[in-house]
Amino acid sequence: DEYCGSASVVCTDMYAVKYDLFANHDQYGIERPLMACCGHGGPPYNYVNLKTCGQPTATACPEGERHVSWDGVHYTEDANAIVASKILSGDFSQPRTKLQALCK
């Protein structure tokens, strides 16, 4: 009961957040949004099932390259930072609220 009345529910459209990252990848400095940073096979995806990052045949992208996906499954730090900033902005949320405004 100590939290009764102090909780706020905000729904965030994660599909729209992530779609924007892929659809507008150029504005985030990402050249090949569908290509994994670490994997096997090279362009266009650098992903082959069971030949993933960590396997002897896998290669990692050069330092400084920006990718959405680290290994074909998980987002990179760059992509997660973009997603987090979009969530915190409140632009993709209902009600449209900057999440920082909910903190006391």
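For every chain, the first residue of the written sequence is number 1, and numbering continues from 1 along that sequence. It should be noted that, the model being predicted, local features are given only for residues of pLDDT at least 70 and side-chain atom pairs only at 80 or more, the latter also being counted only at that level, while totals for whole chains, interfaces and linings use all residues. Remark: hydrogens and water are excluded; side-chain values derive from all non-hydrogen atoms of the structure.

### Observations regarding the packing of helix H1 (residues 14-23) against helix H2 (residues 77-89)
Just so we agree on the cut-off: Orientation is described by lines fitted to C-alpha atoms, with helices fitted over the stretch in contact, and by angles between N-to-C directions that extend from 0 to 180 degrees. Helix and strand definitions follow DSSP, with helices as H or I runs of at least four residues and strands as E runs of at least two, each counted in order from the N terminus. Any angle that is under 35 degrees is reported as roughly parallel, and any over 145 degrees as roughly antiparallel; angles of 65 to 115 degrees are reported as roughly perpendicular and all others as oblique. Here is the rule for handedness: rotate from the far helix to the near one, and if that takes an anticlockwise turn smaller than a right angle the crossing is left-handed, while a clockwise turn gives right-handed. By the convention used here, residues are in contact when the closest approach between their heavy atoms is within 4.5 Å. Note on residue categories: nonpolar means Ala, Val, Leu, Ile, Met, Phe, Trp, Tyr, Cys or Pro, charged means Asp, Glu, Lys or Arg, and polar means any other residue, Gly included.
Close contact between H1 and H2 brings their axes to 10 Å; oriented N to C, the two are set at 135°. When the axis of H1 is compared with that of H2, the two are oblique. As H1 packs across H2, the resulting crossing turns out to be right-handed. Where H1 approaches H2, its residues Met 14, Val 17, Lys 18, Asp 20 and Leu 21 are matched on the opposing element by Ala 79, Ile 82, Val 83, Lys 86 and Ile 87. By residue class, the composition of the contact of H1 with H2 is seven nonpolar, no polar and three charged.

### Quick look at the state of the cysteines
What counts, and what does not: Criterion for a disulfide: a pair of cysteine sulfur atoms within 2.5 Å. Whether a residue is buried, partly exposed or exposed follows from its accessible area with a 1.4 Å probe, protein chains only, as a fraction of its type maximum: under 20%, in between, or over 50%, in that order.
Tallying each qualifying case throughout the model produces two disulfides. Paired through a disulfide, Cys 37 and Cys 61 show a sulfur-sulfur distance of 1.9 Å. On the S-S bond that ties Cys 37 to Cys 61, the torsion sits near -70°, and the link is left-handed. Taken as a pair, Cys 37 in the loop between H1 and strand E2 (38-39) and Cys 61 in the loop between strand E3 (59-60) and H2 lie far apart in primary sequence, 24 residues in all. The pair formed by Cys 37 and Cys 61 is uniform in burial state, with each residue classed as buried. Between the sulfur of Cys 38 and that of Cys 53 lies a disulfide, 2.0 Å long from S to S. Here Cys 38 and Cys 53 share a disulfide; its torsion about the S-S bond, 85°, makes the bridge right-handed. With Cys 38 in strand E2 and Cys 53 in the loop between E2 and E3, the pair connects residues that are 15 residues apart, well separated along the chain. The class of Cys 53 is partly exposed, set by a relative accessible area of 26%. In the protein, the bonded cysteines, taken in the order they occur along the sequence, pair up as 1-4, 2-3.

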